[in-house]
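What follows is each chain in one-letter form.
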Amino acid sequence: MRFLQATVVSRHCAALKGLAYPRNYATIAEPAAPAVKTQAIPGPRSLELKGKLSAIQNVVPVQLFADYEKSIGNYLVDVDGNVLLDVYTQISSIPLGYNHPRLLNVFQNEKNLKTLINRPALGVFPGKEWPEQLNSILTKIAPKGLSNLTTMMCGSCSNENAYKNIFIWYRRNQRGENVDFTDAEMQSCMINQPPGAPKLSILSFNGAFHGRTLGALSTTHSKYIHKIDVPSFDWPIASFPQYQYPLAENERHNKEQDQRCLAEVEELIEKYNKKGIPVAGIIVEPIQSEGGDNEASPEFFQGLQKIGKQRGVALLIDEVQTGGGCTGKIWCHEHFNLDGPPDVVTFSKKMQLGGYFHKEEFKPQQGYRVFNTWMGDPSKLLLLQEVINVIQEENLLKNVNIAGKVLKDGLLDLEKEYSHILNSTRGRGTFLAVNCQNGKARDDIVNRLRMKGIQTGGCGEISIRFRPALTFQEKHANIVLDVFRSVLREL
Ligand SMILES: Cc1ncc(COP(=O)(O)O)c(C=O)c1O
């Protein structure tokens, strides 16, 4: 940490003297390798804290207690002194690793500190910098053609509020521009009845994850434990392509999957229209993440967009997990060569705050229709701006592609060598996954990797996912692969 602080100070000095910073400024004094000190993780200190917390909350998912003062770069340090190379990064939400000096610097500045402590109700009292700040985000990273931006708190509430924009857009199209609400609509919506509270739906896919809040949950289908006991809307759920690997050897099967699933989308739109619950929007992840890193081809997404356009159904691409550079592009859907932008793109995680980009026509005409007290957090936007600066200055997307190729090629080699244990390596950039024989074997490998200092995560029933920071480099990939190999040797 001493080095880190010294670096922050020297950057200040460089700024004062008008000197240019070295391009590889983000090279942080990380540990050279992971180091596990305890017999098990969670270690004794983590267990003690877990006991304390369990008196207040359910702690079943807690894996360890971290020391965020000591964690640095790609390494997560826990309270027992274990140093883990983190390729899971807080469920894919740390863009530049821990304690990145450029992010630490953001709040050294008194103006930014005031942004942090004077948190506004953005919908009614935005600060004077807000329009310019949003404009700069729009110009730097918005998907081409999406001119509007709504900020939110998290991934779930971004999706959930985006559904509202879609429903409002859909009803405006039905009603006609500038047509007032009827008395019947205004009265019936107050008691949750049509026509004011219309029967409309969002089509989603089996295996999808779009969040756990009440509306978003109706479009989440990855695990029953997220949904059980909670009422859901009767909304259509289509099959998502189930590919076989390697892709090049399974083209016919995979193409059939695309065609079958697209046909199902059309049938469901038809069916729900007839049922009196018309489909206003389709929500889809560019890679189904929580559901098991299920990919689909650019042709599948092109087909989906075409269906949406033909049927007057909005296309929402959920980039909460895939967005922010980890697939080698800022937005994963940029890989799909779509015919124009999707209608809405939601984000959160690596972007530091939630929100969505959308086309102008999805902006409600009246106030307070998509609204909450905070509607995001300007202090998180300051962090996002600095994250974007670092991505651009240090060419981190190129880094992701290079490090990702090393990791992917290495996983493919391991898969060949240990084909009875691993299969179906897949993904883009460093957003990668590999399958195990079954869930028990997967959990065992994830635990063994952790005990050797590599923090990965599971997804779906049988997959291990890799979600490193954008600063993850070739040398880190080689450490992961060496440790992985030693785990496979043990099995
Ligand atoms: C694709 C996707 N959408 C939405 C969400 C929900 O985001 P949050 O957990 O911030 O509510 C997640 C979270 O993992 C996600 O992966």
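Please refer to the structure higher up on the page.
Everything numeric in this text was worked out from a predicted model, so none of it was measured.

The rules behind the values
Residues numbered from 1 in each chain as written. Predicted model: local features only at pLDDT ≥ 70, side-chain atom pairs only at ≥ 80, totals over all residues. Heavy atoms only, no water. Helix = DSSP H or I, 4+ residues; strand = E, 2+ residues; numbered from the N terminus. Polar contact = N/O pair within 3.5 Å; in protein donor to acceptor, adjacent residues only side chain to side chain. Contact = heavy atoms within 4.5 Å. Phe/Tyr/Trp six-rings, centres within 6.5 Å; stacked < 30°, edge-to-face > 60°. Buried < 20%, exposed > 50% of the residue type's maximum accessible area, 1.4 Å probe, protein only. Lys NZ or Arg CZ within 6 Å of the ring centre and 35° of its normal. Pairing = 2+ DSSP bridges.

Student: Is there a simple way to explain the side chain of Ser71 in this structure?
Tutor: By secondary structure assignment, the location of Ser71 is in the loop between helix H2 (44-54) and strand S1 (75-77). Reaching out from Ser71, the side chain makes a polar contact with the backbone nitrogen of Val77 at a distance of 2.9 Å. Not counting residues within four places of it along the chain, the set of residues in contact with Ser71 comprises Leu76, Val77, Tyr98 and Asn99.

Student: What exactly am I supposed to notice about the packing of aromatic side chains here?
Tutor: For any pair of aromatic rings, the description rests on two quantities: the centre-to-centre distance and the angle between the ring planes. On inspection of all chains with the given rule, the structure shows 16 aromatic pairs. With a centroid separation of 5.7 Å and an interplanar angle of 80°, the aromatic rings of Phe205 and Phe240 are classed as edge-to-face. Linking Phe205 in strand S4 (residues 201-205) with Phe240 in the loop between strand S5 (237-238) and helix H10 (251-274), this pair joins segments that are 35 residues apart in sequence. In this structure Phe205 comes out as buried when scored by relative accessible area, which is 0%. Plain terms: the ring middles of Phe233 and Trp235 are 4.6 Å apart, the flat faces sit at 5° to each other, and that makes the pair stacked. In this structure Trp235 comes out as buried when scored by relative accessible area, which is 7%. Of the aromatic side chains, those joined through ring pairs into one cluster are Phe205, Phe240, Phe300, Phe301 and Phe336. The ring of Trp374 carries Arg119 above its face, with NZ or CZ at 3.4 Å from the centroid. Against the face of Phe431 rests Arg467, its NZ or CZ located 3.6 Å from the ring centre.

Student: So what exactly am I meant to see when it comes to the pairing of strand S16 (residues 463-466) here?
Tutor: Of the two faces of S16, the one holding Ser463 and Arg465 and the one holding Ile464 and Phe466 are both buried throughout. The sheet contact formed by strand S13 (residues 431-436) and S16 spans four bridges and is antiparallel. Looking at S16, one finds that Asn435 is bridged to Ser463. Both strand S15 (residues 457-459) and S16 contribute to a ladder of three bridges, which runs antiparallel. When the bridges of S16 are listed, Gly458 appears paired with Ile464. Connecting S15 to the antiparallel partner S16 that follows it, the hairpin turn spans three residues, and Gly460 within it adopts a positive phi of roughly 60°.

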